[in-house]
Amino acid sequence: MAARALWKGAISFGLVYIPVEMYTAVQEHDLDLTMLDRRDFSPVGYKRYNKKTGKEVTWDDIVKGYEYEDNEYVVLSDEDLKRANVEATQTIDIVAFVEAADVPLTYYETPYYLAPSKGGNKVYALLRETLRKAGKIGIATVVIRTKQHLCALVCVEDKIVLNTLRYATEIRSAEELKLPPATLKAAGISDKELKMALSLVDGMSEEWKPEQYHDTYKEDVLAMVKKKIKAGQTKTITAPEAEPSAPKASNVVDLVALLQNSLGKRGGKGAAAKATPVDEEDEEEEEEVAAKPKPRAAKSTSATRAKPAAKPVAKPTAKSSAKPSAQTTAAKRKPAASRKAA
């Protein structure tokens, strides 16, 4: 089935006009779930009805209107909406060129493909290559249906993609969010933790291959549908289970162990990454912490002499992540030493 243009007009680029057609660039693959009446499992339908008479209204009898006072409307046909500003409804007007990195991802909304109309190939290619060479994106305005959108024109391979943008007034402020401090020191992140996290990122890095990702949740739901059909449970409503308690936040020692364990589970680059040497400074620091005994009330000099000397801590590797840390092991040995002395 041939793609159908949802908008036709032109890109205004200075004094140059590029005739283009706009096509949707995305397609949804949501689960098609029907609303049912739980009493007899019959489908629930919708009706367009006249709120005054209660009678159903067909599409042919529906027009649009703007309510300027309570229950008073100005009827606006498609032609009225077009005549309000003919140029705006037929033109993608480029107003500026900016660095792509300067537009935060929160502003991007919906992508559309732009293709040249008859006679627009050369000027289309000119704008595309200009965007590519300049390394910038065009910021423009366009009216789609009844709304004017801010948008970005982006060169993507051999295409110009129009991506609608949200207005600044549509982006909510993040000031009320409780976020960690902006610096490593203030956030309590050590150099060692950062190095291990970077090693994990390096081990998980690969080329972008979008075709390898798909909606596994949808597949799981469809598998459950088949299972319920096979078990004859098509009309069974599963009761909700108790919500699991939220996991507690990890402390620094747990974070290091998690990173080490993650490095050990990665294949390929991850296997090499887990062998990344830790700085001698960090290692010495860890040994010092592990060897340092915890303060406690002195019972006798014999108990102190009976305490075994702390052994040097082995160099941490991904394989040892499942074992207790040297500090924890040393702490566990102390009661045993006290009993022996007693």
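Please refer to the structure higher up on the page.
It should be emphasised that the depicted structure is a prediction, and the values quoted were computed from it without experimental measurement.

Peer 1: How would you explain the packing of aromatic side chains if you had to name every residue and give the values?
Peer 2: Applying the stated criterion to the full structure yields 2 aromatic pairs. Taking the centre distance of 5.7 Å and the plane angle of 20° together, the rings of Trp208 and Tyr213 count as stacked. Taking relative accessible area as the criterion, Trp208 reaches 68% and is therefore assigned exposed.

Peer 1: An account of the nonpolar core is needed here, citing residue identities and associated values.
Peer 2: Of all hydrophobic cores here, the largest spans 20 residues; its most connected members are Ile11, Met22, Ile92, Leu114, Leu153 and Leu162. Secondary structure elements with two or more residues in this core: strand 1 (7-13), strand 2 (16-24), strand 7 (91-99), strand 8 (108-116), helix 3 (121-134), strand 9 (136-144), strand 10 (147-156) and strand 11 (159-165). Those residues within four positions of Leu162 in sequence are excluded, and the remaining contacts are Met22, Ile92, Thr110, Pro111, Tyr112, Leu114, Val142, Cys151, Ala152 and Leu153. Listed in part, the 7 residues of the second largest apolar core include Val103, Tyr108, Ile137 and Ile139.

Peer 1: Kindly report on the environment of Leu263, identifying the contributing residues and their values.
Peer 2: Tracing the backbone shows Leu263 in helix 7 (residues 252-265). Among the residues examined, Leu263 registers a relative accessible area of 6% and is labelled buried. Leu263 sits 63 residues away from Leu200 along the chain, and the two C-alpha atoms are 5.7 Å apart.

Peer 1: Let's hear about helix 5 (residues 191-204): which residues, and what values?
Peer 2: Counted at 1.5 Å a residue, the expected span for helix 5 with its 14 residues is 20 Å, and the 20 Å between its end C-alpha atoms agrees. All of the buried residues along helix 5 are Lys192, Glu193, Met196, Ser199, Leu200 and Gly203. Each buried residue of helix 5 sits inside an arc of 120° when the element is viewed along its axis, so together they form one side. The exposed set on the far side of helix 5, more than 90 degrees from its buried face, consists of Asp191, Leu198 and Val201.

What counts and how
- Residues numbered from 1 in each chain as written.
- Predicted model: local features only at pLDDT ≥ 70, side-chain atom pairs only at ≥ 80, totals over all residues.
- Heavy atoms only, no water.
- Phe/Tyr/Trp six-rings, centres within 6.5 Å; stacked < 30°, edge-to-face > 60°.
- Buried < 20%, exposed > 50% of the residue type's maximum accessible area, 1.4 Å probe, protein only.
- Core = buried A, V, L, I, M, F, W, Y, C linked by side-chain atoms within 4.5 Å.
- Helix = DSSP H or I, 4+ residues; strand = E, 2+ residues; numbered from the N terminus.
- Contact = heavy atoms within 4.5 Å.
- Expected span 1.5 Å × (residues − 1).
- Arc of directions from axis to C-beta.

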